[in-house]
Every structure is written in C-alpha cells, then in structure tokens.
Amino acid sequence: MSRSAHPAGPRHADVLTEGHYSAPPADLNALDPKVWAHTVGRDEDGAVTVGGLPVTRLAEEYGTPAYILDESDFRERARAWRTAFGADADVFYAGKAFLSRAVVRWLHEEGLNLDVCSGGELATALSAGMPGERIAFHGNNKSPEEIERAVAAGVGRIVLDSFQEIVRVAHTAQALGKRQRVQIRITVGVEAHTHEFIATAHEDQKFGIPLAGGQAAEAVRRALQLDGIELIGIHSHIGSQIFDMSGFEVAAHRVVGLLKDIRDEHGVELPEIDLGGGLGIAYTSDDDPREPHEIAKALTEIVTRECESARLRTPRISVEPGRAIVGPTAFTLYEVGTVKPLDGLRTYVSVDGGMSDNIRTALYDAEYSVALVSRTSDAEPMLARVVGKHCESGDIVVKDAFLPGDLAPGDLIAVPATGAYCRSMASNYNHVLRPPVVAVRDGEARVIVRRETEEDLLRLDVG
C-alpha cells in the first residue's frame, strides 16, 4: 500500500486506503448539528436556512460561490471559550483562521483577545478598534517594520521565535523608549496526531526554539539580560486539528519543567504559560471534537498538577482557538455546473468554485461533508466527488461523498465547516475571483468581505 497524507499525520498514512468512504447516510436530507452552524435548518420547501434566511435567497442576492457565516454561532462559540476559561485565563482568537474588521469587532464585544501573525493582520486589528494591549503578535520571521509597528501600537505581547528576534525586539523597544512584554515560543518535541504540515512541536520544523539541547534555556538567559523586553512567559503550540489531549499533557510537563529550571537558575517564576490552540472541529460526522468547557478543565488540571509537582505557583494560562471558533460557523455555497457519471467509479460534480476558495483538500487531504441545500430529494444516493472549475486535476473540494442521484446543474450544494482557513488561504488561481463573506444574523444578511471584481484583479496588474 502506498503511503499518502492522512489527517492524523504521516505516521498514520497507511491506515486508510485511497478512496476510503463510509456507507451512505440513512437520510441524505439530514444536517448533522456537529458539522453545521447552530442556526442551520430546512424550511417547509426543503431549502436549507441559516439565521432564518434560505440559501436560495442568499444565492440570488449575493451569488455563488459564497462563504455564508452565522454571526450568532460565531459569537456563541466565542462566549463559550471565554466562559470556559474564566477571568483567571486569557483566550486569544487566532486571526489566521479568518480575520476581518467585523470579526475583530465581534471579538472585542465578546471579550476575547486577538492573536495576529503579520503586519496585515495587525493593521486589520488596529483599524477595527482592537486595543493594542489585547493583541499578541506571532510569526517566525517578523520584519523590522512589523516589529516596530507592533511595539509602537503597544501590543500586549510579542511571541519571540528565534535568537535573532530576541535582540531585534529588545533593540526596537529601547529605541522607542518602551519595554515590550514578550513570551518565548519553544518546541517541546511532541508529535501531535495531525497532518505533517500542521504539526508544529516536533524539532524538525520552522517554529520556535527547541527545548532539546538547552537552546530554550539559553534563549531565556538572553531575554532576561536585555532591558528592552520583559519576559512574561513561555509559549508552546503542538499543532492543529487535534482531538487527543495527551499531546498537551506531555507539552505542559516539559514547559513546566523549563519554568522550574528558570526558577532554579534565575530565581524568577514566570507568570504566564501559553499552550496555543489547535483543537479540532467536526468536518464530518465521524469527527468528535471536545467542548470548550472540557478543554478548559483538562488543560487547567494538567498545568495545575504539573506545577504542584514542581512546587511552582500556577501561572496564568492562555489559549489560542481560531478554527474551533470560526470553523463550524460558516459553509461555502456553490452552484452545480455539470454532473458527470463514470460507470463503476463515481459521479463527478463540478461547482463554480474549487481550490481557489478551499485549498485544504489539495493541501492537507482534508475531508469535508457536502449536502444538497436548495431542495430535498428522495432519490437514491450516488457516490460523488465534488470538484472545482480550475484547470488542475487536484482541484477537489470533497473527495468522496454521497449526494442524491437526481442532482442536476443549477442545484445548490454547500460544504460546511469552511469558516477557518478557506477564505484566509483563498487565491486567484486561473484568475478566478475570490468569493464574498456574507454574515447572517436574526433574519438579516450583510457582506463583511465583498466579492472580488475583475477591476480588482486588473488594478494590481500594472502592465
């Protein structure tokens, strides 16, 4: 059997065969609440609704493809994370999952902080009114200009990712007459059970300073000696789309071990520990994510137990959910263009979007669900592969799914759980225009990121 990418990481690539799929569901018209946003349902005509609005109306008004985002669901999930961790911890929304000025305002109103990792994300946060002290700035190669802007804006923390950044941030802060609060990101040698490209705590990758070999300890020594920065804690992130908490337990054990070594060597107990994000969501009915209160309880108990064992004061915990908040809140709405049966194999269903609005299937072998949403159907299920309109054989949105056998051009289908990383990673491949993001709440819809136009495309082409 050939080894291919697998959602649980390269070490698990021989578990599923190519073309693996489950049996068809008992009811193709059912919408699994684990996968869809909370206000999604069907109206009396069989059309899927979100926030009280039918998708047929949304398609008529805003066109397809389009990302449809349930604002009430987003706010509810943000509040759930804030409530789960309480006043003695910090929740930073990971803006890389999806960021817009409307989202920044929602986060501000719901009491969450914001994690950014580029100058553009920082600019978006500041332009939408997020206070600098509630922003954390990440990244493995922050430019001098980005560092200067972050320090000048008074961001609450900069996460240092290398020995060079320790010096750069310290010198920039001194030049601006400030003392910048920082954390040091370390890699703890844990392989999260996730895809190779989104596992981030093993040593052989670009993020952080390795704990192994004493490099992280040396980074702490240097940071404590510089006047321009105030070291407030240690940061660890083990990967993304994680369901198993055991990786966090090992990571916390090793981070707390470093905190103990810092205390013993320098007489300093750092007040904060950031365990990152990466908690998984349900892309299909087979996925079983944990609720925020379960995650908060587990992480708090792990850190508390490890600190008690090391005779350390329990530091303030930070977490960085991004996908876990925005991922389930949105779906991508497509119109079917062609339906191509291949005898003995499957039916190829081509839609008016594809890898330019969702690269994750091609990039990570990500698995998605899909449903007919403009109507219901009693037709027999057919094994389908939902593909895009791009000139690329890897332009696959949903590898294997069951759709009604009477699916026809002009039908609307939707892929749920596309709130995270789809719009953020969207491209203009084949000069296809990126879709809008339409927020729906209480029977009203509004565009929060507009659809690109050909004028937008040509404006950047200076000839």
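Criteria and thresholds
- Residues numbered from 1 in each chain as written.
- Predicted model: local features only at pLDDT ≥ 70, side-chain atom pairs only at ≥ 80, totals over all residues.
- Heavy atoms only, no water.
- Helix = DSSP H or I, 4+ residues; strand = E, 2+ residues; numbered from the N terminus.
- Rg over C-alpha atoms; globule rule 2.2 N^0.38 Å.
- Buried < 20%, exposed > 50% of the residue type's maximum accessible area, 1.4 Å probe, protein only.
- Contact = heavy atoms within 4.5 Å.
- Areas by Shrake-Rupley, 256 points an atom, 1.4 Å probe, with all protein chains shown as cover.
- Lys, Arg positive; Asp, Glu negative; His and termini not counted.
- Charge placed at Lys NZ, Arg CZ, Asp CG, Glu CD.
- Salt bridge = Lys/Arg side-chain N within 4 Å of Asp/Glu carboxyl O.
- pLDDT = per-residue confidence, 0-100.
- Arc of directions from axis to C-beta.
- Polar contact = N/O pair within 3.5 Å; in protein donor to acceptor, adjacent residues only side chain to side chain.
- Pairing = 2+ DSSP bridges.
- Phe/Tyr/Trp six-rings, centres within 6.5 Å; stacked < 30°, edge-to-face > 60°.
- Core = buried A, V, L, I, M, F, W, Y, C linked by side-chain atoms within 4.5 Å.

Participant: What exactly am I supposed to notice about the overall build of the protein here?
Facilitator: Per the secondary structure count, the protein includes twelve helices and 21 strands. Relative to its length of 463 residues, the protein is compact, with a C-alpha radius of gyration of 23 Å against a globular reference of 23 Å. A principal-axis box enclosing the C-alpha atoms of the protein has dimensions of 70 × 50 × 45 Å. Put simply, the protein has 463 residues, and 54% of those count as buried. Considering only contacts within the protein whose residues lie at least 6 apart along the sequence, 71% involve residues at least 24 apart. In the structure as shown, the protein presents an accessible area of about 19,700 Å², 48% of it carried by carbon and sulfur atoms. Across the protein, the 48 positively charged side chains and the 69 negatively charged ones have centroids separated by 6 Å.

Participant: Would you mind going over the pattern of salt bridges with me for this structure?
Facilitator: Between side chains of opposite charge, pairing is possible as soon as their charged atoms come close. As enumerated under the stated definition, the model contains 27 salt bridges in all. Among the salt bridges present, the one from K297 reaches E301, with a minimum N-O distance of 2.7 Å. Of this pair, K297 and E301 both sit in helix α9 (residues 292–310), four residues apart, which is roughly one turn of that helix. Residues R346 and D400 are paired through a salt bridge, measuring 3.1 Å at the closest nitrogen-oxygen approach.

Participant: What is the right way to look at the confidence of the model for the protein in this model?
Facilitator: Detailed reading of predicted coordinates is not advised where the pLDDT is low. Per-residue confidence for the protein gives a mean pLDDT of 92, with 92% of residues at or over 70. Low pLDDT (under 50) marks residues 1–18, which in the prediction has 34 contacts with non-local residues, meaning those over four places away or in another chain. Counting interchain partners and residues more than four positions distant, the pLDDT-below-50 stretch residues 194–202 has 44 contacts.

Participant: What should I look at first to understand helix α7 (residues 215–225) in this one?
Facilitator: Residues spaced three or four apart along an α-helix face the same direction, because each turn holds 3.6 residues. Three or more residues of α7 are buried, namely A216, A219, V220 and A223. Across the axial projection of α7, the buried residues extend over an arc of 100 degrees, all falling on one side. Where α7 is buried, its residues touch α6 (163–175), β9 (180–187), β10 (209–210), β11 (229–235) and α8 (246–266).

Participant: What's the story with the environment of H390 in this structure? I'm lost.
Facilitator: Relative to the helices and strands, H390 resides in the loop between β17 (381–387) and β18 (396–404). In this structure the C-alpha to C-alpha distance between H390 and Y429, which are 39 residues apart in sequence, comes to 7.6 Å. In this view, H390 contacts G353, G354, M355, S356, D395, Y429, N430 and V432; residues no more than four positions away in its chain are not counted.

Participant: Please explain the side chain of D274 as it appears in this structure.
Facilitator: Mapped onto the elements of the fold, D274 is located in strand β12 (residues 272–274). Under the relative-accessibility criterion, D274 is labelled buried at 0%. Separated by 3.0 Å, the side chains of D274 and R157 make a polar contact.

Participant: I keep staring at the sheet that holds strand β1 (residues 41–42) and nothing clicks. Help me out?
Facilitator: Picture the strands of a sheet paired through backbone hydrogen bonds; they go either parallel or antiparallel. Judged by pairing direction, the sheet is antiparallel, and its three strands sit side by side in the order β1-β2-β3 without closing on themselves. The sheet terminates laterally at β1 and β3 (53–54), the two strands that pair on one side only. Note: strand β2 (residues 48–50) against β3, two bridges, orientation antiparallel. Across the sheet, T49 pairs through a bridge with P54, a residue of β3.

Participant: Mind showing me how you'd approach the packing of aromatic side chains here?
Facilitator: By convention here, two paired aromatic rings are described through the distance between centres and the angle between planes. Taken as a whole and assessed by the stated rule, the structure comprises five aromatic pairs. Each ring, one from W81 and one from F85, has its centre 6.0 Å from the other, and the planes form 5 degrees; the classification is stacked. In this pair, W81 and F85 are both assigned in helix α2 (residues 71–85), four residues apart and thus about one turn of the helix distant. Each member of the pair, W81 as well as F85, carries the same accessibility label: buried.

Participant: Would you mind showing me how to read the nonpolar core here?
Facilitator: Side chains of nonpolar character tend, in soluble globular proteins, to be buried together. Residues Y93, I184, I234 and I413 are the most contacted members of the largest nonpolar core, which totals 109 residues. Setting aside residues no more than four positions away along its own chain, I413 makes contact with T332, L333, Y334, V336, V349, V351, V370, A371, L372, V373, V386 and L407. Counting residues in hydrophobic clusters, the runner-up holds 23 residues, among them V35, I68, L333 and V440.

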